[in-house]
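# Working through the structure, step by step
The chain contents come next:
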Amino acid sequence: MKRTTAVMTVMVGIITFCTAVHGKSLTEHPATDFGEGWRMGVQAYSFKEFTFYEAVDKSAAMGMNWIEAYGGQRLSKDRPGVKIGHNMPVELREEVKKKLAAANVKLVSYGVVRLSNNEVECRKVF
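Residues numbered from 1 in each chain as written. Predicted model: local features only at pLDDT ≥ 70, side-chain atom pairs only at ≥ 80, totals over all residues. Heavy atoms only, no water.

### Here's the deal with the overall build of the chain
- Tallying secondary structure elements over the chain gives 4 helices and 3 strands in all.
- In sequence order, the secondary structure elements of the chain are arranged as α-β-α-β-α-β-α.
- Relative to its 126 residues, the chain shows a buried fraction of 27%.
- Within the chain, counting contacts between residues at least 6 apart in sequence, those at least 24 apart form 49% of the total. (Helix = DSSP H or I, 4+ residues; strand = E, 2+ residues; numbered from the N terminus. Buried < 20%, exposed > 50% of the residue type's maximum accessible area, 1.4 Å probe, protein only. Contact = heavy atoms within 4.5 Å.)

Given below as structure tokens:
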């Protein structure tokens with residue numbers, strides 16, 4: 001059995017099991033909601049060849065309104081030298097929030113980031 005087929009089989013089995021346990025059908029939830037508290041989203045790294053804003057748009061086009069950002073991805077075509085990250089100025093963070101809101105996509109996580117032993121630096125990430 002090919003690895004992709006095996007992975008898909010396992011995923012379908014898990015979803016079926018979770019649905020049976022909760023006694024609900026998948027049609028009772030939006031496309032990205034697999035049951036109480038379980039949501040499917042997109043990792044922006046999946047679109048690493050694109051800008052973060054393009055990743056947001058592609059996610060929204062697929063009906064996926066949850067995204068994980070990663071530091072270092074280009075922000076937009078209009079700003080090729082600017083990268084997403086926890087050191088972005090407040091103005092750019094506000095711009096990102098507006099872009100996400102306009103696309104109806106929520107930024108639910110950010111990673112992978114190396115954390116130092118410096119509390120001040122770690123708080124910037126969080």
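Once the structure has been displayed, the description carries forward.
### A few points about the nonpolar core
- By size, the foremost hydrophobic cluster in this structure holds 19 residues, and its most contacted members are F52, V56, I67, L75, I84, V96 and L100.
- Elements with a contribution of two residues or more to this core: helix 2 (52–61), strand 2 (66–69) and helix 3 (90–103).
- For I84, the residues in contact, after removing those within four places along its chain, are F52, A69, Y70, G71, G72, Q73, L75 and V96. (Core = buried A, V, L, I, M, F, W, Y, C linked by side-chain atoms within 4.5 Å.)

### A look at the side chain of H86
- When you line up the elements, H86 lands in the loop between strand 2 and helix 3.
- Within the structure, the side chain of H86 is placed 2.9 Å from the side chain of Y110, a separation counted as a polar contact.
- In this structure H86 touches R93, Y110, V113, K124 and V125, once residues within four positions along its chain are discounted. (Polar contact = N/O pair within 3.5 Å; in protein donor to acceptor, adjacent residues only side chain to side chain.)

### Focus on unusual backbone geometry
- In this structure, V112 follows G111 across a cis peptide bond, with omega equal to 0 degrees.
- Counting through the fold element by element, V112 comes out in the loop between strand 3 (106–110) and helix 4 (119–125).
- Of note, the phi angle at N104 is positive, near 60 degrees, even though the residue is not glycine.
- Secondary-structure assignment places N104 in the loop between helix 3 and strand 3.

### Focus: the packing of helix 2 against helix 3
- Here helix 2 crosses helix 3 at 20 degrees, and the two axes come no closer than 10 Å. Of the possible angle classes, the one that applies to helix 2 and helix 3 is roughly parallel. In this structure, the crossing between helix 2 and helix 3 has a hand that is right-handed. Residues F52, Y53, V56, D57 and A60 of helix 2 lie in contact with helix 3, whose contacting residues are E95, V96, K99, L100 and A103. (Axes fitted to C-alpha atoms, helices over the stretch in contact; angles between N-to-C directions. Parallel < 35°, antiparallel > 145°, perpendicular 65-115°, else oblique. Left-handed = near helix turned anticlockwise from the far one by under 90°.)

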